[in-house]
Structures are given as structure tokens and as C-alpha cells.
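Single-letter residue listing:
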Amino acid sequence: MNVLVTGGAGYIGSVVVARLLEAGHEVTVIDDLSTGHRDAVPDDARFVLERVQHVSDTLGRHSFDGVVHLAASSLVAESITDPQKYETNNVAGTRGLLEALRTAEIPKIVFSSSAAVYGEPERVPIEEDAPTVPLNPYGSSKLSVDRMLDAEAARHGIAAVSLRYFNVAGSYAVLGERHSPETHLIPLTLRAALDSRPATVFGDDYLTPDGTCIRDYIHVVDIADAHLLALDAASPGTWRVFNLGNGEGFSVREVIAAARRVTGLPLAESVTARRAGDPAVLVASSERARKELNWAPKKPRLDEMVDDAWQFLHRGQR
Ligand code: UDP
């Protein structure tokens with residue numbers, strides 16, 4: 001397949017690109033490098049420095065079989081202080097992309113949605129038909145795009161798939177998490193270990209066994225591989241949605257314990273206030289992806305994800 005990957009210079013996007021290339025696909029990346037890194041795009045992919053809003057020229061020049069759309073703003077806290085940015089980049093940006101796809105007659109799209117669309121779940125594990133009540137503009141923007149894709153499939157016949165990621169972790173070869181600012185638990189905890197600082201725990205008064213939030217961590221390569229399966233499974237005129245997680249939750253304290261095991265360092269903890277808008281427990285049911293995409297995580301062990309993230313951090317130190 002000839003595939004366009006928006007946001008292919010980012011953490012997840014770059015691994016999607018690497019896996020597409022390994023599977024023999026032709027790949028073009030479009031990324032404005034606002035958060036991505038040019039050196040994360042493998043040499044075998046074509047690179048176009050461009051915003052999604054201006055994608056039509058690129059689409060006109062190549063005949064793509066499908067698009068994997070990951071370009072987005074993705075900082076929850078920023079989405080609360082600057083909701084307009086999320087409306088512009090995530091919602092309006094995707095609307096423009098869909099119009100361009102229609103004009104260029106590109107038949108399928110796989111979209112990076114998020115567990116953030118569910119908000120505080122009524123039940124865990126969370127299934128795809130659970131109520132969607134996002135707690136912040138980031139989650140709302142992902143839900144708006146999901147709905148847009150549903151409508152686009154019904155009205156214009158595109159094949160659309162939304163993949164709702166839970167907590168993505170780990171690294172793949174030289175590709176890993178390089179966010180600025182970094183907000184995620186695993187890289188922050190490993191950085192704290194490296195700098196001999198305590199790891200920060202955002203609240204230990206949640207209604208969970210050890211009082212800290214529980215999340216479902218999923219390896220970035222397992223997430224990436226789901227995109228390849230989704231491209232194959234997408235069918236014209238249909239929008240399909242899949243949760244991607246391991247179906248197992250780990251608390252913040254369990255993640256910090258894994259970081260101690262992996263690094264061999266005596267990592268202390270410092271408990272601070274809860275972070276606004278954090279649900280106590282988010283765990284996926286990925287039964288639908290297992291059944292309908294034939295997807296199965298190959299790296300479900302928390303320690304392996306933490307170890308891969310640790311190797312990546314070390315590589316950056318050299
Ligand atoms: N968290 C924490 N300390 C940190 C960063 C995150 O305790 O330094 C917690 C956060 O409150 C959440 C969990 O770790 O409960 C995972 O947060 P992350 O930002 O990695 O992912 P999110 O669940 O927000 O997508």
C-alpha cells in the first residue's frame with residue numbers, strides 16, 4: 001500500500017512509519033515538526049514538512065491508498081488553558097484533511113483516538129460502547145473527530161477506523177518518547193531515577209487499593225501494529241472503533257516499583273496533590289480488537305515497557 005502518515009515524526013507516528021516500512025509499504029510522512037522530530041522519520045520514508053491543514057498539495061501529487069492520521073495537539077493541561085488550539089488543530093485540521101481526502105479520492109483513514117473520550121468510566125474494563133463523556137477539550141476534540149469519521153463514512157463512503165489508545169509506553173529501536181514538556185508517568189519517573197530525584201505521585205487518596213491512579217499501559221509497537229491491521233480491516237462506508245490496551249491496570253506506585261526493578265536505583269516517591277481531571281481507573285477491554293482485527297499485544301509486560309523506555313532514555317544520554 002502507499003500510505004500517508006500525518007504526525008509521522010512523533011512518538012507513536014514514527015513507530016507506525018517504521019512498522020509500515022518493515023511490512024513493505026510505501027510511506028510518506030507529513031508533519032509540521034511542532035512537536036515531532038525530523039530524525040525520528042526513517043530514511044526510507046518520504047518527508048513533507050507541512051501542516052495537516054495544507055495537505056491537499058501532497059495528496060494531489062501521490063496516489064495514496066490510505067491515511068494514518070496521528071497529527072494532533074495532545075497535552076491535556078494545555079487543552080484546558082487553550083481549548084481553541086485543540087479545536088483548530090485537532091477538529092478543524094481533521095475536517096480539512098477529510099475534505100482533501102474526498103477530493104483526492106483516497107479511500108481509507110485510520111485515526112488515533114484516545115481513552116480520553118470516555119472520561120470517568122462507569123465500568124471497567126471499558127468497552128467501545130461505554131458512555132463518552134470527556135473531561136477536557138483534548139478528549140472532546142478526539143471524540144469530535146470520531147463522530148466526524150462516522151458521518152464521513154456514512155455520507156461519502158470512506159473506510160474509517162478510530163483506534164482509542166490507552167497509556168502508550170516503551171520504545172522501538174531508536175524511536176521513543178521525546179515530548180517537551182514531558183507529562184507522562186513512565187518517562188518522568190525514569191528521568192527522576194536518573195537524576196536521583198523522587199518520582200512524583202499525583203494523589204494517593206483515590207479509591208484504589210494503594211490510593212494511586214490505575215492505568216492500562218500498552219507497548220508502542222503493539223499500538224503501531226494495530227494500525228497496520230486496521231488499514232487492512234477498514235471497509236468502505238463504515239466507521240469502526242477499537243480500544244487498545246492490555247486489559248490489565250497498574251497503579252502509579254506499581255509503575256514506580258517497576259522503575260526501581262528495571263533501573264536498580266533506589267527511587268523515592270513524593271506525593272503531591274491530584275492532577276485535575278485524572279480518572280481513578282482506566283482499563284481497556286480490547287476484546288473487539290482481538291476478535292475483529294486479530295490483534296494481540298506481543299509485549300504486555302509492564303517491566304518490558306519500562307525497560308524499553310529506560311534503554312531509550314540511556315541512548316539519549318550517550
Ligand atoms: N502521574 C503521576 N506522576 C507523574 C505523571 C503522571 O502520578 O509525574 C499519574 C497521573 O496522575 C495518572 C498516571 O500517572 O494517574 C498516568 O499519567 P500519564 O500522564 O502518564 O497518562 P494519562 O493517563 O494522563 O494519559
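In case you missed it, the structure is sitting above this.
Thresholds, definitions, all that
- Starting from 1, residues in each chain are numbered consecutively following that chain's sequence as written.
- Only residues with pLDDT of at least 70 are given local features in this predicted model, and only at 80 or more are side-chain atom pairs given and counted; all residues enter the totals for whole chains, interfaces and linings.
- Heavy atoms throughout the structure, all of them, feed into the side-chain values; hydrogens and water do not.
- Near, as used in this document, describes a residue that has one of its heavy atoms within 4 Å of the molecule or strand being considered.
- The term polar contact refers here to a pair of N or O atoms within 3.5 Å; inside protein, the definition further demands a hydrogen-donor-capable atom paired with an acceptor-capable atom, and it admits residues adjacent in sequence only when both atoms are side-chain atoms.
- Computed with a 1.4 Å probe, the accessible areas rest on the Shrake-Rupley method; for each residue, only the protein chains presented here act as cover.
- Only DSSP runs of H or I reaching four residues or more are called helices, and only runs of E reaching two or more are called strands; each is numbered from the N terminus.
- Note on residue categories: nonpolar means Ala, Val, Leu, Ile, Met, Phe, Trp, Tyr, Cys or Pro, charged means Asp, Glu, Lys or Arg, and polar means any other residue, Gly included.
- Accessibility here uses a 1.4 Å probe with only protein chains present; expressed as a share of the type maximum, an area under 20% marks a residue as buried, one over 50% as exposed, and anything in between as partly exposed.
- A contact between two residues is defined here by any heavy atoms of the two lying within 4.5 Å.
- Among the buried residues, those of types Ala, Val, Leu, Ile, Met, Phe, Trp, Tyr and Cys that are joined through side-chain atoms within 4.5 Å form a nonpolar core.
- By the convention used here, strands pair only if DSSP detects at least 2 bridges between them.
- For helices, the axis comes from a line fit to the C-alpha atoms of the stretch in contact; other axes are also lines fit to C-alpha atoms, and the angle between any two N-to-C directions lies between 0 and 180 degrees.
- Whenever Lys or Arg places a side-chain nitrogen within 4 Å of a carboxyl oxygen from Asp or Glu, that contact is recorded as a salt bridge.

Caption draft 1: Quick look at the site of the ligand. Taken together, 14 residues are adjacent to the ligand, and Leu-185, Thr-200, Arg-215, Arg-275 and Asp-278 come closest. One of the backbone N or O atoms of Thr-183 is found 3.2 Å from an oxygen atom in the ligand. Between the ligand and Arg-215 there is a distance of 2.8 Å, counted from an oxygen atom to a side-chain nitrogen or oxygen. For the ligand, whose unbound accessible area comes to 520 Å², protein coverage reaches 87%. Counting only elements with at least two residues in the shell around the ligand, the list comes to α6 (185-194) and β8 (199-202). No other element matches β8, which puts 3 residues into the shell around the ligand. Tallied by class, residues from the shell around the ligand come to 7 nonpolar, 4 polar and 3 charged.

Caption draft 2: Structural context of the environment of Val-110. Inspection of the secondary structure puts Val-110 in strand β5 (residues 108-114). The exposure class assigned to Val-110 is buried, which follows from its relative accessible area of 1%. Taking the C-alpha atoms as reference points, Val-110 and Ala-234, separated by 124 residues in sequence, lie 8.0 Å from one another. The residues contacting Val-110, other than those within four sequence positions of it, are Val-67, Val-68, His-69, Val-161, Leu-163, His-227, Ala-230 and Leu-231.

Caption draft 3: Spatial organisation of the nonpolar core. Membership of the largest hydrophobic core comes to 42 residues, with the highest contact counts inside it found for Ile-12 and Leu-163. Within the residue set of this core, elements represented by two or more residues are β1 (2-6), α1 (11-22), β2 (26-31), β6 (159-165), α7 (220-233), β11 (239-244) and α9 (287-293). When sequence neighbours within four positions are dropped, the list of residues in contact with Leu-163 reads Val-110, Phe-111, Ser-112, Ser-113, Ser-114, Ala-226, His-227, Ala-230, Phe-242, Leu-244 and Leu-293. Ranked by size, the runner-up nonpolar core spans 26 residues in total, among them Val-255, Ala-258, Val-262 and Met-305.

Caption draft 4: Structural view of the sheet that holds β1. Spatially, the 7 strands line up as an open sheet ordered β3-β2-β1-β4-β5-β6-β11, and their pairing is parallel. With partners counted over all chains shown, the strands left at the sheet margins are β3 (46-49) and β11, one partner each. On average, adjacent strands in this sheet sit at an angle of 20° to one another, irrespective of strand direction. Where β1 lies against strand β4 (residues 66-69), 4 bridges are found, and the strand directions are parallel. Each bridged residue has a counterpart across the sheet, and for Thr-6 the counterpart in β4 is His-69. Lying on the sheet, helix α4 (residues 83-104) is in contact with β1, β4 and β5; it crosses β4 at an angle near 175°. Contacting β5, β6 and β11, helix α5 (residues 137-156) crosses the sheet at an angle of about 155° to β5.

Caption draft 5: Inspection of unusual backbone geometry at higher detail. The step from Val-124 to Pro-125 runs through a cis peptide bond, and the omega angle for that step is -5°. By the secondary structure assignment, Pro-125 is in the loop between β5 and α5. With an omega of 5°, the peptide bond running from Ser-180 to Pro-181 counts as cis. Within the fold, Pro-181 resides in the loop between β7 (167-169) and α6. With a phi angle near 55°, Glu-105 is a residue other than glycine that sits in the positive phi range. Mapped onto the secondary structure, Glu-105 falls in the loop between α4 and β5. Assessed through its relative accessible area of 69%, Glu-105 is described here as exposed. Phi is positive for Ser-196, which is not a glycine, with a value near 55°. Relative to the helices and strands, Ser-196 is located in the loop between α6 and β8.

Caption draft 6: Focus on the pattern of salt bridges. Throughout the structure, instances matching the rule amount to 22 salt bridges. Where Asp-225 meets Lys-298, a salt bridge forms, and the shortest distance between an N and an O atom there is 3.7 Å. Placement of the pair is Asp-225 in helix α7 and Lys-298 in the loop between α9 and α10 (302-317), with a sequence separation of 73 residues. On the accessibility criterion, Asp-225 (12% relative accessible area) is buried. On the basis of relative accessible area, Lys-298 is assigned to the exposed category, the value being 61%. Where Glu-304 meets Arg-301, a salt bridge forms, and the shortest distance between an N and an O atom there is 4.0 Å. Note on Glu-304: relative accessible area 23%, which makes it partly exposed. Bridged by salt links that share partners, the residues Arg-19, Glu-22, Asp-225 and Lys-298 form one connected network.

Caption draft 7: Looking closely at the sheet that holds strand β14 (residues 281-282). Pairing is mixed in the open sheet, where 3 strands are placed in the order β12-β9-β14. Each having just a single partner strand, β12 (250-251) and β14 make up the two edges of the open sheet. Summarising the sheet, strand β9 (residues 214-215) and β12 pair through 2 bridges and their orientation is antiparallel. Among the inter-strand pairings, Arg-215 is bridged to a residue of β12, identified as Phe-250.

Keep in mind these values describe shape, not function.
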